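The residues making up each chain are set out below.
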Amino acid sequence: MIPGKETVVGKNEPQKEKYGSFALFDVEHFLRKLLKYWYWFVLMLSIGYVVSWFYGKYYAQNIYSSNLSLSISSNASSYFTPNQSINFIWGQGGNQDGVYLKKMLLSRSHNEFLVKELNLFVNYQTKGAIKSTYLDKDDSPVFLEIDKKHLQQVDYPITLIPKGNNSFEVSLPDEGQSTNLYSYDLEGFQNVEPYKKPANKIIKVNEWYTSPNLRFKLVSNPVSPPIKLQNIIINLSTVNNTVNGIVSTIGVDFDKEINTIMIISKSGYSLNGTVSFLNKSVAELQKKRFIDKNTIDKNTQEYLKGSLADIRKKLDSSAAYLNYLKVSEELYDITNRDEKSLQKIKDLETKKADILSKMNSLSAIRNTVDSQNFDKMISPSAAGFDDGLFTASVSELKALYLKKRELSSIYTPNSEPIREINRLISEAKTNSSGSLRNVYTVYTTELNKIDQQIREASSDLTSFPEKQRKYLDAERGYNMIEATYNSLLARQNESQMRLATNQSDISVIDPAKNLGQGPIGPNVKGTKMAIVGVFFALPFTLILLGSLFDSKIRNIKELISATRIPLLGVIGNNNADNMLTVLDSPKSSVSEAFRGIRANVRFLSGEDETSKVILITSSVGGEGKTYISINLASVLGLSDKKTILLGMDLRKPKIFGDFNIDNKLGISNHLTGEATIDQIINKTKIPNLDVATSGPIPPNPSELLMSDKNVRFIEELKKMYDFIIIDSPPVGLVADSYELMKHSDANLYVVRHEYTEKYMLKMITEKYHNNEIKHLGLVYNDYVSKQGYGYGYGYGYGYGYGYGYFDEDKNYKEPLLIKIRNKVRAIFNR
């Protein structure tokens, strides 16, 4: 039975909707292409490996990191008791000193000082044949020291080439000279007149090099570097860019178990550079922290001393008045006193006195910030709070105001640097005033609450006589002033103790060290794998995209499944120069395939003795319908069947050329009455095969083919021949073939491998399943197998199998995959 023939029976409506629909993606074809182009994967894998190797060796710039851990001693308990702490009132905890230190470590003022102190705006590199490598300052045989009074060009490579005897050749780029130069003294750019490129010059160590855009000298490295460099490339950066770059590489974290332990990290291209920066940064912070603490504690002591003197006068005056009442009014003792209520009032007024005292200190701190008189700043502990954010913002304000005074001597008030520094000052003032406002709000709330409690407790005192109430009021006033005095006195003692025992509250636990730490980045291994993966995926992606957008017929199984039209045979690739394959190579596999088609044609219309009219068509030109027509007719003629081949593709005649027949007279002449049947029939070298060519191209080919005379012409030929083979026009371009199919006994539709578009089969498939066309079968043409024998459907294919049976097998080369498969089978079959 012909494959696909049985599917015609039992058609129903739901099935019809699926006919002619091909899969969007042909997995089998995709996998075959992957195997076919395996060498591309090997090539891309090799290229990817080479590229990744070059990346890891010559382009990847390692990034290193070092760490420093320190401990922050908390002095909050010595400043004030816990119930006096504003953090206690707020219900907050946390490491406020740590927050302050983190702010300081990441502040611009602190890092700007380090940049200038360590000359971090000078960057060192060296360049080999391919790769540039960042150097630590200590890896260079010389250091570059600039003249900060001279304008310098930044981001401009200065190449130093050692010449021996402590001399170096200074080489500058041929292009890139700028007239916008940077002043390290003023930290701003200035324009200069255009100038020529400075010539290369050899200078010795400690000798100044001067040009319009540079002025520097070289200083010897006291430690001889372990590696001799062929060149040193130095780039200068602005202070601002250097600070921003450094801050972005600093990390500050707190220990999860002990929040007073701080871990500071610094990343960079040089491990030694990160180590020296961290140690220097913390050392400067310790020094500054100690100086600031001493200054603030001295200011606090002076403030408390003055406050105590003032409150002492009030206390003496209150005591004198209380004694006066006792003597003059003889109020030595008051009977029926409610001692419990009086004690409660006394405790409340003691708290109130303490809060009022702290609010006075808070006002003093606010006045200091507003007046910018930071040298007179007192400790926040005098106001009963300890806020690291406030301390950090005040320190930042102090640095910003100093910076503004420097810039004001250079820039106008409306210049960009002044506007920027004003913005930073405004931001810091907002942070500091916000912290003070929050503290003041808490104190006010607490004070209102105490006043309410005092009023409630004092309600019972209204029953006393006026004299006694007067005495009680004086006594309460004295007690409140005394409580304030005692509170200030206690804070003064604490301040004196801190000043006497002051030391840095920052202790380094583990300093930063160069322990040969490996790089933390980049992820060279991951990047190399990604590079190899990208190269390996490139052919895969291209093949995948090609398969997704490929709409050509490439799969016989899919063709049969989608169309459900019987497949009569598969014809292999024709390598000959003409179409007469059956005649020229009768023992070839292609000839055998045509014999198989001849045998299968009978299934389309049934076995009988009447003449067979076989029409051959396709979707478009170039699919091989004429080739199929010629060779099928040849096979029938050689099988002792009287056969005629009709070239009815009147628009594009072809048959005459292969048979060396004159096309002056043909079917078009007969249909127009210009020639008889005998005049247009031509003999061939096959006795039982005749050919009628199409003849000259007529102006109305469709009308001629659909005319009654053409029908009579075919009927006449049926009387004369056993088989009539009609080479008809493509149905995808014209409708002529559909009309001719009404008079044919079998219709062969040619599909060319990797040429016919899938969508072209939709119309013929629908007509077949709608019973508009009968006796239809497919012929798959130009198929080239890469799989060898065993892929068949039970009928002949037009390609050799490699077993010496066909003519082509003498040149047959078994595919590599088939060789491997056969060897594996041979091993397991032993």
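Computed from a prediction, not measured in an experiment: that's the story for all the values here.

1. Details of the pairing of strand 12 (residues 232-236)
Right, so step 1: The element strand 12 is largely enclosed, with a buried count of five among its five residues.
Right, so step 2: Of the two faces of strand 12, the one holding Ile232, Ile234 and Leu236 and the one holding Ile233 and Asn235 are both buried throughout.
Right, so step 3: Direction of pairing for strand 2 (residues 122-127) relative to strand 12: antiparallel, over a ladder of four bridges. In the strand pairing of strand 12, tyrosine 124 is matched with isoleucine 234.
Right, so step 4: By the bridge criterion, three bridges tie strand 5 (residues 158-164) to strand 12 in an arrangement that is antiparallel. Bridging across to strand 12, threonine 159 finds its partner in isoleucine 233.

2. Points about the packing of aromatic side chains
Right, so step 1: Tallied over the entire structure, the rule returns 13 aromatic pairs.
Right, so step 2: Summarising the aromatic geometry, the rings of tryptophan 38 and tyrosine 39 are spaced 6.0 Å apart at their centres and angled 80 degrees between planes, so their arrangement reads as edge-to-face.
Right, so step 3: What makes tyrosine 39 partly exposed here is its relative accessible area of 40%.
Right, so step 4: Here the aromatic rings of tyrosine 182 and tyrosine 184 are separated by 4.8 Å at their centres, their planes lie at 85 degrees, and the arrangement is edge-to-face.
Right, so step 5: Owing to a relative accessible area of 3%, tyrosine 182 belongs among the buried residues under this scheme.
Right, so step 6: We classify tyrosine 184 as buried; its relative accessible area is 5%.
Right, so step 7: Through a chain of ring-to-ring contacts, the aromatic side chains of Tyr37, Trp38, Tyr39 and Trp40 assemble into a single cluster.

3. Focus: a nonpolar patch on the surface
Right, so step 1: A contiguous nonpolar patch, built from Trp38, Tyr39, Trp40, Val42, Leu43, Ile47 and Val51 and spanning about 630 Å² of accessible area, is present on the exposed surface.
Right, so step 2: Inspection of the secondary structure assignment puts isoleucine 47 in helix 3 (residues 38-59).

4. What to know about the environment of leucine 106
Right, so step 1: Topologically, leucine 106 is positioned in helix 6 (residues 96-106).
Right, so step 2: Leucine 106 sits in the partly exposed class, given a relative accessible area of 30%.
Right, so step 3: Each C-alpha atom of the pair leucine 106 and asparagine 244 lies 9.9 Å from the other, and the pair is 138 residues apart in sequence.

5. A short note on helix 7 (residues 108-118)
Right, so step 1: Where helix 7 is concerned, the buried positions are His110, Asn111, Glu112, Leu114 and Val115.
Right, so step 2: For helix 7, the N-terminal cap is serine 107; the gap from its side-chain oxygen to the backbone nitrogen of histidine 110 is 3.3 Å.
Right, so step 3: Positive backbone phi, at 55 degrees, marks asparagine 119, one or two positions downstream of helix 7.

6. Quick word on unusual backbone geometry
Right, so step 1: Phi at glutamate 754 takes a positive value of approximately 60 degrees, unusual for a residue other than glycine.
Right, so step 2: Within the element layout of this structure, glutamate 754 appears in the loop between strand 22 (746-752) and helix 25 (761-769).
Right, so step 3: By relative accessible area, which is 38% here, glutamate 754 ends up partly exposed.
Right, so step 4: Residues other than glycine seldom take positive phi values, yet aspartate 782 does so here, at roughly 65 degrees.

7. Comments concerning the nonpolar core
Right, so step 1: The biggest cluster of nonpolar side chains holds 50 residues, and the ones touching the most others in it are Leu144, Ile158, Leu160, Phe216 and Ile264.
Right, so step 2: Per-element accounting of this core gives the leading share, five residues, to helix 9 (residues 271-328).
Right, so step 3: Discounting residues that sit within four places of it in the chain, phenylalanine 216 has contacts with Leu144, Glu145, Ile146, Ile158, Val170, Ile203, Glu207, Trp208 and Tyr209.

8. Some details on the sheet that holds strand 4 (residues 142-146)
Right, so step 1: Taken in spatial order, the three strands line up as 4-11-10 in an open sheet, and their pairing is antiparallel. If you trace the sheet from one side to the other, it starts and ends with strand 4 and strand 10 (208-211), each paired once. In this sheet, neighbouring strand axes are inclined to one another by 25 degrees on average, regardless of whether the strands run parallel or antiparallel.
Right, so step 2: In this sheet, strand 11 (residues 214-220) lies alongside strand 4 in antiparallel orientation, the contact comprising five bridges.

9. Brief notes about the sheet that holds strand 15 (residues 506-510)
Right, so step 1: The four strands are arranged 13-14-1-15 in an open sheet whose pairing can be described as antiparallel. Because the sheet does not close on itself, it has two edges, and the strands there are strand 13 (250-254) and strand 15. Strand-to-strand twist across the sheet, computed as the mean angle between neighbouring axes with direction ignored, equals 30 degrees.
Right, so step 2: By the bridge criterion, five bridges tie strand 13 to strand 14 (residues 261-268) in an arrangement that is antiparallel. Opposite aspartate 253, over in strand 14, you have isoleucine 263 as the bridge partner.

10. Focus on the side chain of glutamate 112
Right, so step 1: Along the chain, glutamate 112 falls in helix 7.
Right, so step 2: The buried category is assigned to glutamate 112, whose relative accessible area is 9%.
Right, so step 3: In this structure glutamate 112 touches Glu187, Val239, Val243 and Lys403, once residues within four positions along its chain are discounted.

Procedures and definitions
Residues numbered from 1 in each chain as written. Predicted model: local features only at pLDDT ≥ 70, side-chain atom pairs only at ≥ 80, totals over all residues. Heavy atoms only, no water. Buried < 20%, exposed > 50% of the residue type's maximum accessible area, 1.4 Å probe, protein only. Helix = DSSP H or I, 4+ residues; strand = E, 2+ residues; numbered from the N terminus. Pairing = 2+ DSSP bridges. Phe/Tyr/Trp six-rings, centres within 6.5 Å; stacked < 30°, edge-to-face > 60°. Patch = residues over 30% accessible without salt bridge, like charges linked within 9 Å, V, L, I, M, F, W, Y side chains within 5 Å. Areas by Shrake-Rupley, 256 points an atom, 1.4 Å probe, with all protein chains shown as cover. Salt bridge = Lys/Arg side-chain N within 4 Å of Asp/Glu carboxyl O. Polar contact = N/O pair within 3.5 Å; in protein donor to acceptor, adjacent residues only side chain to side chain. Core = buried A, V, L, I, M, F, W, Y, C linked by side-chain atoms within 4.5 Å. Contact = heavy atoms within 4.5 Å. Axes fitted to C-alpha atoms, helices over the stretch in contact; angles between N-to-C directions.

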